[in-house]
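Observations on the model geometry
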Amino acid sequence: MILHIIEFNEFNMLFRERKGIETFMFENLYPDEDAASAYEIDYEAYYNKGYRGILFDVDNTLVEHDQPVTLVAIELFQRLNEIGFQTCIISNNKDDRVKPLADALESDYVYKAGKPSAAGYLQGMKQMGTVPETTLFVGDQIFTDIWGANRAGVHSILVKQIARHEEIQIVLKRLLEKIVLLCYQKKKGKVHMMS
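Quick look at the structure, then. (Residues numbered from 1 in each chain as written. Predicted model: local features only at pLDDT ≥ 70, side-chain atom pairs only at ≥ 80, totals over all residues. Heavy atoms only, no water.)

**Observations concerning the overall build of the protein**
Note the following rule: Helix and strand assignments come from DSSP, with helices taken as H or I runs of at least 4 residues and strands as E runs of at least 2, each series counted from the N terminus. Exposure categories follow from relative accessible area, calculated using a 1.4 Å probe and restricted to protein chains: below 20% of the type maximum is buried, above 50% is exposed, and the middle band is partly exposed. Should any heavy atoms of two residues lie within 4.5 Å, those residues are considered in contact. In short, Shrake-Rupley with a 1.4 Å probe defines the accessible areas, and a residue's cover is counted only from the protein chains shown.
Looking only at helices and strands, one finds nine helices and six strands in the protein. Within the protein, the fraction of its 195 residues that count as buried is 48%. Long-range pairs, those at least 24 residues apart, make up 67% of the contacts in the protein between residues at least 6 apart in sequence. In the form shown here, the protein has an accessible surface area of approximately 9,800 Å², with 54% of it arising from carbon and sulfur atoms.

**Brief notes about the nonpolar core**
What counts is decided by this rule: Here, nonpolar core refers to any group of buried Ala, Val, Leu, Ile, Met, Phe, Trp, Tyr and Cys residues whose side-chain atoms link them within 4.5 Å.
Counting 26 residues, the largest nonpolar core has Tyr-43, Phe-56, Leu-62, Ile-89 and Val-138 as its most contacted members. Residue assignment for this core shows that the elements contributing at least two residues are helix H4 (43–48), strand S2 (53–56), helix H5 (71–83), helix H6 (95–105), strand S5 (135–139) and strand S6 (155–159). With five residues, the top contributor of residues to this core is H5. With near-sequence residues (within four places) excluded, Phe-56 lies in contact with Ala-38, Tyr-43, Leu-62, Phe-77, Leu-80, Thr-87, Cys-88, Ile-89, Ile-90, Phe-137 and Val-138.

**Quick word on the sheet that holds S6**
What counts here: Here, any two strands with at least 2 DSSP bridges between them count as paired. Between the N-to-C directions of two axes lies an angle of 0 to 180 degrees, each axis being a line fitted to C-alpha atoms and, for a helix, fitted only over the stretch in contact.
The parallel open sheet is built from six strands, whose spatial order is S1-S6-S5-S2-S3-S4. Of all strands in the sheet, those bounded by a partner on one side alone are strand S1 (33–35) and strand S4 (108–110). Neighbour to neighbour, the strand axes of the sheet diverge by 25 degrees on average, direction disregarded. Against the sheet, helix H8 (residues 142–152) makes contact with S5 and S6, and its axis sits at roughly 160 degrees relative to S6, the strand it touches most.

**Considering the pairing of strand S3 (residues 86–90)**
Note the following rule: For the handedness criterion, the strands are oriented away from the viewer, and a crossover whose path from the first strand over the helix to the second runs clockwise is classed as right-handed.
S3 sits mainly inside the fold: four of its five residues count as buried. Bridge analysis of S3 against S4 gives three bridges, and the strand direction is parallel. When the sheet's bridge partners are listed, Cys-88 is paired in S4 with Asp-108. Once you follow S3 into H6 and on to S4, the crossover reads as right-handed.

**Some remarks on helix H7 (residues 119–128)**
What counts is decided by this rule: Comment: arc refers to directions from the helix axis out to C-beta atoms.
Listed as buried for H7 are Gly-120, Tyr-121, Gly-124, Met-125 and Met-128. Across the axial projection of H7, the buried residues extend over an arc of 140 degrees, all falling on one side. Looking at the residues trailing H7, positive phi occurs at Gly-129, about 80 degrees.

**Observations regarding the side chain of Thr-135**
To keep it simple, the criterion reads: Here a polar contact is taken to be a pair of N or O atoms separated by no more than 3.5 Å, where protein atoms must pair a possible hydrogen donor with a possible acceptor and residues adjacent in sequence count only if both atoms sit in side chains.
Inspection of the secondary structure puts Thr-135 in strand S5. Separated by 2.6 Å, the side chain of Thr-135 and the backbone oxygen of Val-131 make a polar contact.

**Quick word on the environment of Gly-148**
Along the chain, the position of Gly-148 falls in helix H8. Taking the C-alpha atoms as reference, Gly-148 lies 9.6 Å from Phe-137; in sequence the two are 11 residues apart.

**So, the environment of Leu-181**
Considering the arrangement of structural elements, one finds Leu-181 in helix H9 (residues 168–188). A relative accessible area of 6% places Leu-181 in the buried class. On a C-alpha basis, the gap between Leu-181 and Tyr-30 in space is 7.7 Å, while along the polypeptide they are 151 residues apart.

**Side note on the pairing of S5**
In terms of burial, S5 is a largely internal element, five of the five residues being buried. Burial of the side chains of S5 extends over both faces: Thr-135, Phe-137 and Gly-139 are buried on one face and Leu-136 and Val-138 on the other. With four bridges joining them, S5 and S6 adopt parallel strand pairing. Following the sheet pairing, Val-138 is matched in S6 by Ile-157. Remark: the S5/H8/S6 crossover connection has right-handed handedness.

**Quick word on the environment of Ala-104**
Mapped onto the elements of the fold, Ala-104 is located in helix H6. Considered as a pair, Ala-104 and Thr-70 are 34 residues apart in the sequence and their alpha carbons are 9.2 Å apart. With near-sequence residues (within four places) excluded, Ala-104 lies in contact with Val-69 and Ile-74.

What follows is the structure, given as structure tokens:
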């Protein structure tokens, strides 16, 4: 059953990376922070801390799954540009899905990024001209988005998914995510996130 929830390669990477049971029990899956939405993050505060680039997931982070770009997303990216951030969309989706969104947002992008591999994150940073210490990542999935950001050494922010209707394999992953989130919330002393 696990192979239907986490793809085989993802599970193998998780198993190989464990450093004792504590790490295997999800430490490397925890976000650095969480937020209700990509649209409710205090980006100015991060800029003042020295961050200069932001990697974003697309589906259910910025827009609903398989939906076109929204005015609120365009306005966010305009504001990020005014603040001084470089941005890059990083997605496992195909070019014909990611490019129109990135073009509308006037952002760099990486398609078929292979998350949770760190390679797509590193490519995104290369395009933005940033390094892990000056880069944020914002995404809604633990087993792809957050795990990949952590592997790349990027400050990760987990946001709630925009829409509840998702493909069945993602729905199944969400069930496992709830276990990770319970452990994360316990460690952070939180009880409010991602219900």
